[in-house]
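Each chain is listed here by its residues.
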Amino acid sequence: MKSLSILGATGSIGQSTLDLVRRQPDAFSVEVLTAQANVDGLAQAAKDVRAKHAVIGDESHYAALKAALAGTGIEVSAGRAAVIDAAACGADWTMASIVGCAGLEPVMAAIKRGGTIALANKEALVSAGDVLMAAVRDHGATLLPVDSEHNAIFQCFERQNAAQVRRVILTASGGPFRQLSADLLGKVTPEQAVKHPNWSMGAKISVDSASLMNKGLELIEAYHLFPVTVDQLDVIVHAQSVIHSMVEYQDGSVLAQLGSPDMRTPISYCLAWPERMSAPVERLDLAKIAQLSFEEPDLVRFPCLRLAKDALAQGRGAPAILNAANEIAVAAFLDKRIGFMDIPSVVESVLAGYDAPVPATIADILALDSEARRRAAQQVEAVAA
Ligand code: NDP
Ligand code: MG
């Protein structure tokens, strides 16, 4: 039996993970589930999988969670520190699926215990890539990529032949606005942005997919996860989301991983690794799909991808600033305070005006993240006024 914890159990990735766990009750024992504010979802999940411990990040919900789990024997805690402590409970396997840089300290706490971490929380890796990967090495932890592109690359990347890798090609669906003109892009609503054509996901990553910031964050994620240079990373738009990414070798071979757009495939790959397990996903019907199409991404209509590429090339604190400013801008867009095309403007102006010192520790990154948020909030005010 494998013991596991899910950080961000009430989200889209958390729920998909719970679905797989519920189907194999004898294979897994659940240590901790966490959420931020969704008491009902957390309590239900904790009862379903008989978790030992449920943690709610927002302390004001402690009494409600305690009441919802009364008589079950499930331990209840609340608060930011409790989430971080829960991440360090020493489970064999931890799903890191909190959204945003808020997941960074919990991920680090899990890494320090040296178990296996299935990483969905890309913002943690974007903000703190060097520090986080060094901690993985120092503590003998195993990091498995959940993001579908990185999971595909992980399946196709022959580490023993790393010197023979020519390129890593990330596929992008192009999101719901792939074919929209620049004029119309300025007028899209949050409701339209969160309706992804192929994938069902949380609100923040759905907006990132629509702006192509998601692909930019994923380039930075890939840079840290695999032994490649910035120049070896490429993006191609592939609207069907059938090929999840590719690795091209010097001999001309291109290895790809294909599958239905269902996160339960990469999650189950991480759950069973280094073995495989069955997952309840729709099988690929290639004859029905009939055609796979590819096109270059448009960096003019989708400046977020360009900004992320520049931040990756610049290195230092730039990826953390990019991520923090984007989190603030996306939240303001979802609140209808700024328009869709204000997202890249806010990010660009924060990046341009902030010459941060090189972060060397998690404390440095958190300081940089919080200053970038403050500046982004000011930009939002200026745009919204
Ligand atoms: P959701 O918004 O659906 O879920 C986020 C989870 O994090 C919820 O459990 C939420 O709790 C919790 N949470 C939110 N804020 C905080 C906080 N400040 N502190 C602690 N916990 C918090 O997100 P997704 O599941 O879509 O995405 C999770 C991560 O996985 C993101 O980093 C995303 O980029 C990545 N990812 C997601 C994919 C997808 O298909 N959804 C695909 C690839 C990567 P509550 O419900 O109580 O608010
Ligand atoms: Mg992805």
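Computed from a predicted structure; not experimentally measured. (Residues numbered from 1 in each chain as written. Chains lettered and ligands numbered in written order. Predicted model: local features only at pLDDT ≥ 70, side-chain atom pairs only at ≥ 80, totals over all residues. Heavy atoms only, no water.)

Enquirer: Account for the pattern of salt bridges, naming residues and giving values.
Expert: With the rule as written, the count across this model stands at 25 salt bridges. Here Glu-191 ties to Lys-336 by a salt bridge, and the two come within 3.0 Å at their closest N and O atoms. With Glu-191 in helix α9 (residues 190–193) and Lys-336 in the loop between α15 (318–334) and α16 (342–353), this residue pair connects regions lying 145 residues apart in the sequence. On the basis of relative accessible area, Glu-191 is assigned to the partly exposed category, the value being 43%. Two residues, Lys-215 and Glu-218, come together in a salt bridge whose shortest N-O distance is 2.6 Å. With Lys-215 and Glu-218 both in helix α11 (residues 213–225) and three residues apart, the pair spans about one turn of that helix. The exposure class assigned to Lys-215 is buried, which follows from its relative accessible area of 5%. Connected through salt bridges with shared partners, the residues Lys-122, Asp-147, Glu-149, Lys-215 and Glu-218 form a single ionic network. (Salt bridge = Lys/Arg side-chain N within 4 Å of Asp/Glu carboxyl O. Helix = DSSP H or I, 4+ residues; strand = E, 2+ residues; numbered from the N terminus. Buried < 20%, exposed > 50% of the residue type's maximum accessible area, 1.4 Å probe, protein only.)

Enquirer: Would you mind going over the coordination of the magnesium ion (ligand 2) in detail, with residue names and values included?
Expert: Coordination of the magnesium ion (ligand 2) by the protein involves Asp-147 (OD), Glu-149 (OE) and Glu-218 (OE), with metal-donor separations of 2.1 to 2.2 Å. Of note, the magnesium ion (ligand 2) draws all its donor residues from one chain, in the sequence arrangement D-x1-E-x68-E. Each member of the pair, Asp-147 as well as Glu-149, is classed as buried. (Donors = N, O, S within 2.8 Å, 3.2 Å for Na, K, Ca; no water.)

Enquirer: Which residues make up the packing of aromatic side chains, and what values go with them?
Expert: This model, assessed by the stated rule, comprises five aromatic pairs. Pairing Phe-154 with Trp-273 gives two aromatic rings, centres 6.3 Å apart and planes at 55°, and the pair type is tilted. A residue pair is termed long-range when its members are at least 10 positions apart, and Phe-154 in helix α7 (residues 148–156) and Trp-273 in the loop between α12 (264–272) and α13 (286–289) qualify at 119 residues. When its relative accessible area of 21% is taken as the criterion, Phe-154 is described as partly exposed. Plain terms: the ring middles of Phe-177 and Phe-340 are 5.3 Å apart, the flat faces sit at 80° to each other, and that makes the pair edge-to-face. With Phe-177 in the loop between β8 (165–172) and α8 (182–185) and Phe-340 in the loop between α15 and α16, this residue pair connects regions lying 163 residues apart in the sequence. The ring of Tyr-354 is capped by Arg-375, whose NZ or CZ atom sits 4.2 Å from the centre of that ring. (Phe/Tyr/Trp six-rings, centres within 6.5 Å; stacked < 30°, edge-to-face > 60°. Lys NZ or Arg CZ within 6 Å of the ring centre and 35° of its normal.)

Enquirer: Provide a residue-level description of the site of ligand 1, including the pertinent values.
Expert: Every one of the 23 residues lining ligand 1 counts as a neighbour, but Thr-10, Ala-37, Asn-38, Glu-123 and Gly-202 are closest to it. At 2.7 Å from an oxygen atom of ligand 1 is found a side-chain nitrogen or oxygen belonging to Thr-10. Gly-202 places a polar main-chain atom, nitrogen or oxygen, 2.9 Å from an oxygen atom of ligand 1. Compared with its free state, where it exposes 900 Å², ligand 1 has 85% of that area covered by protein. (Near = heavy atom within 4 Å. Polar contact = N/O pair within 3.5 Å; in protein donor to acceptor, adjacent residues only side chain to side chain. Areas by Shrake-Rupley, 256 points an atom, 1.4 Å probe, with all protein chains shown as cover.)

Enquirer: Could you give me a rundown of the state of the cysteines, with the residues and numbers involved?
Expert: Across all of its chains, the model carries zero disulfides by this definition. Unpaired in this structure, Cys-101 has its nearest cysteine sulfur neighbour in Cys-304, at a distance of 18 Å. The buried category is assigned to Cys-101, whose relative accessible area is 5%. Its relative accessible area of 1% is what places Cys-304 among the buried residues. (Disulfide = S-S within 2.5 Å.)

Enquirer: Tell me about the domain arrangement of the protein chain, residues and numbers included.
Expert: By domain assignment, the protein chain separates into domain 1 (2–146), domain 2 (148–261 + 284–299) and domain 3 (315–385). Of note, the centres of domain 2 and domain 3, computed from C-alpha atoms alone, are 24 Å apart. Listed as interface residues are 18 residues of domain 2 and, on the opposing side, 13 residues of domain 3. Buried surface at the junction of domain 2 and domain 3, both sides included, amounts to about 1,200 Å², of which 81% is carbon and sulfur. Counting the contacts that link domain 2 with domain 3 gives two residue pairs in polar contact (both at pLDDT 80 or more). Residue assignment for the side of domain 2 that touches domain 3 shows that the elements contributing at least two residues are α9, α10 (203–211) and α11. (Domains from an automatic or database assignment. Contact = heavy atoms within 4.5 Å. Buried area = accessible area lost by both parts, 1.4 Å probe.)

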